[in-house]
Amino acid sequence: MTTSRTTQKVQRWIDLLTTLLSHNFPLTFLDLARGVPQYLADGSVDRGEPSPTLKRMFERDKLELRSMGVPIETIGEEGEEDTSYRLRPGDFYLPYLAVASQRGTLKPKKVDRHGYRSLAELTFDADELVAVAEGAARARQLGDPVLRADVDAAVRKLAVDLPLGAASAGDATYVRQPRSSGDPATFEALSDALFRQKRVTFDYRSMGRDETARRAAEPYGLFFINGHWYLVGHDTERDALRNFRVSRMGAVKVNAAREGTPDYSIPEGFSLREHARSRNAWELGDDQPLEAIVEVRGTSGAARAAAELGEPVEGNPDRRCYEVRRRDVFARWLLSFAGELVPVAPPALVEEFRAQVAATRARYVSGARA
Amino acid sequence: MSAADQLKRILTVIPRLADGEEHPVEEVARLAGIDRLRLVADLTSVSERYDTPGGWVDGVAITVDPRSVSVRTSHFLRPMRLTMAELCALELGLGLLRRERHESELPAIERASERLRKAITELPQNDRHEGLRVAELAHAGDPAHLATLSRARRAKRKVRLRYRSGSAKASSDRVICPHALVHSAGSWYVVAYCETGEGMRIFRLDRVEAATQLAEEFTPSADADVARLVAERPFVGEPGRTMTVRYSPRIARWIREREGGELDADGSLVREYPLGDMGWGVRHVLQYGPDAEVLEPTELRKEIVRRLERMAV
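Report on the accompanying structure. Keep in mind that this is a model prediction, so the values were computed, not measured. Within each chain, residues carry numbers counting from 1 in the order of the written sequence. Chain labels run from A onward and ligand labels from 1 onward, assigned in the order the entries are written. With the structure being a predicted model, the display of local features is reserved for residues of pLDDT at least 70 and the display and counting of side-chain atom pairs for 80 or more, all residues being used for whole-chain, interface and lining totals. Excluding hydrogens and water, the side-chain figures rest on all heavy atoms present in the structure.

Turning our eyes to something else, we now look at the interface of chain A and chain B. Only heavy atoms matter for contacts: two residues are in contact if any of them lie within 4.5 Å across the pair. On the chain B side, the residues contacting the 126 residues of chain A number 129 residues. When the buried surface of chain A facing chain B is broken down by residue, A:Arg176, A:Phe195 and A:Tyr364 rank first, second and third, together holding 8% of it. Any Lys or Arg side-chain nitrogen found within 4 Å of a carboxyl oxygen on Asp or Glu counts as a salt bridge. Across the contact surface, chain A and chain B share 14 salt bridges. A:Asp161 serves as the salt-bridge partner of B:Arg78, at 2.6 Å between the closest nitrogen and oxygen. We call two N or O atoms a polar contact when they sit within 3.5 Å, provided that within protein one can donate a hydrogen and the other can accept it, with sequence-adjacent residues counted only if both atoms are side-chain atoms. Taken together, the links from chain A to chain B amount to 44 residue pairs in polar contact (both at pLDDT 80 or more). It is helix H1 (residues 5-22) of chain A that contributes the most residues to the side of chain A that touches chain B, 13 residues altogether. Gly counts as polar in this scheme, as do all residues outside two lists: the nonpolar Ala, Val, Leu, Ile, Met, Phe, Trp, Tyr, Cys and Pro, and the charged Asp, Glu, Lys and Arg. Of the residues contributing to the side of chain A that touches chain B, the split by class is 61 nonpolar, 31 polar and 34 charged. Bridge analysis of strand E7 (residues 173-175) of chain A against strand E6 (residues 172-184) of chain B gives three bridges, and the strand direction is parallel. Paired with A:Val175 across the strands is B:His183, a residue of E6(B). Accessible area that two parts lose when put together, with a 1.4 Å probe and added across both, is what the buried area reports. By definition, any uninterrupted DSSP run of H or I lasting at least four residues is a helix, any uninterrupted run of E lasting at least two residues is a strand, and each is numbered from the N terminus. Should DSSP find at least two bridges between two strands, the strands are taken to pair.

Residue and element names in this part refer to chain B. Evaluated as defined, the whole model comprises 61 salt bridges over all chains. Where Glu-27 meets Arg-30, a salt bridge forms, and the shortest distance between an N and an O atom there is 3.0 Å. One end of the pair, Glu-27, and the other, Arg-30, are both in helix H2 (residues 25-32), three residues apart, so they sit about a helical turn from each other. For Glu-27, a relative accessible area of 35% translates into the label partly exposed. When accessible area is computed with a 1.4 Å probe and restricted to protein chains, residues below 20% of their type maximum are described as buried, those above 50% as exposed, and intermediate ones as partly exposed.

Moving on, we come to helix H6 (residues 143-155) of chain B. Expected helix span is given by 1.5 Å per residue-to-residue step, counting one fewer step than there are residues. For H6(B), built from 13 residues, the straight-helix expectation of 18 Å at 1.5 Å per residue is met to within 8% by its first-to-last C-alpha distance of 18 Å. Turning to H6(B), the residues buried within the fold contact E7 of chain A together with helix H4 (84-100), strand E5 (157-163), E6, strand E7 (187-194) and strand E9 (208-217) of chain B. One side-chain oxygen at the N-terminal end of H6(B) lies 2.8 Å from the backbone nitrogen of B:Ala144; it belongs to B:Asp142. Phi for B:Lys156, located one or two positions after H6(B), is positive at around 55°.

Listed below in structure tokens is the structure:
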């Protein structure tokens, strides 16, 4: 019976980890290889001259384990004969996690064996425990499967010691998901591209033109706002920063060329948090901003909330000032307040608003279909 | 299924198993958050070593039968430290909590974050994980009111709310029992029993003018009721009457993406909504200008025309 390549790899990694963890001193590759049966298979280790194929396998294993977060330490220059490797239990194993309460500290059972006795201990108080549990729950609710998998993996580790399930039992906060939140494969590919800074190409459904086209971008980050995930990146064809809604992306391909080398760097001044800051639709766009003055004539809850989005106008408590980049969108937004918010300046905005009112009224009076 | 995923799962379950005892497969699978078959496959892949030289002593000895598993090893008796990606995922959630919570609760969130940072594996590439994702849930409304409502909900305390509904000309005070907070399409809502209105109500955060936690406690309704309300009730208007709206071909695709439905032959879309509040109906339709038209009820059409005529003056 033969073993699948995936199983072989898992067995090899486990052997590699157990060999490293069994020694409290650094091991050269030759020493290490004697603890890993698959490294002995071609006989080159026994001959004292590891084959290039075997060395490549080890380099690949080391890279993949590190990318999973395993802190294998290199002593000396990578790839040299006398280079050695170490994995300290204290760097690899989770510290013991205790919970402090008014009744005392609940400590986890410690492993009374070499390598485990010196592990650190972290003590969470009850409020911190609730914060971890509810923070995990909130991140899970955002609909990104990669994010959820990372949260779940973290919680499973922490839950070996901490009662996280009980801590989150009182959280009755819900994030409603949009109808379509994106394909898991899309999130996986984008997460990979972001971490390695690789260019992506993808199908993108443009709602404005109702067509799907192949697009290319250098990803700068993923952000969640107003119930949707967006990729922000440099659109290489348009040479501009663009947001792409993840649920409209498909068939994402990450540039496979020069795998270990980033394709681009994110500009120094770019801040994902600032870019993702909540904005109203009329604040977005490339047009020069205009100052719109609006008179607040109504007192409904909706009108008051809308008024809060603008700035006060000195000497006129009924007026608010808004910075607007998209006049047409702003005019429609004002229209939705059905006369409680009315633009008074600049004239072009007033005209736009009046035109929208007239066109909408015509829809009902003339009977023409919307 | 990648080897990396499999190894991560194995490293997570071994600390729960490696006491030499037999453990029920179902129980271990539940704790590991994976299904039974996958658990057995993961563990079998480690225990069945057909390609290993004879006489080899395994670092990890695993016995798997259909009902139970046991592991003997001196390795992996603790889970692996958190990875940077896992920490960033938890911190993203903690960041959202910071925006929801009262300032008195922020120190615990900060301390939790600091403690988690002490539980990660240190690698040179860790910096590259940071800042790849951000999320924001709050959009409109006073964060202080959200914090008060969130704290009162967890403490099961009633709240005095000054609220002005979308169509009300004046605000009014009411006492509510906050059962749940819901974020939907850029707005926060509190699902609460309203003592003044004697029923479950949904309040939109940006219409809350004041929120004060009271000393009086309340007993929450069965969670199932709240969950049903949150899941089923659209966050628009009140149920009961309906309104029918036709969206023009120019915007119908966006509406369909958000709400579903089938386009008509001319590319337009007709949708039906619960309508208990005429003011909401007017605002909902007018936001689309001439690209949306109320088909029914007639009185809503008349109200829209009346408002448009006043605006045209």
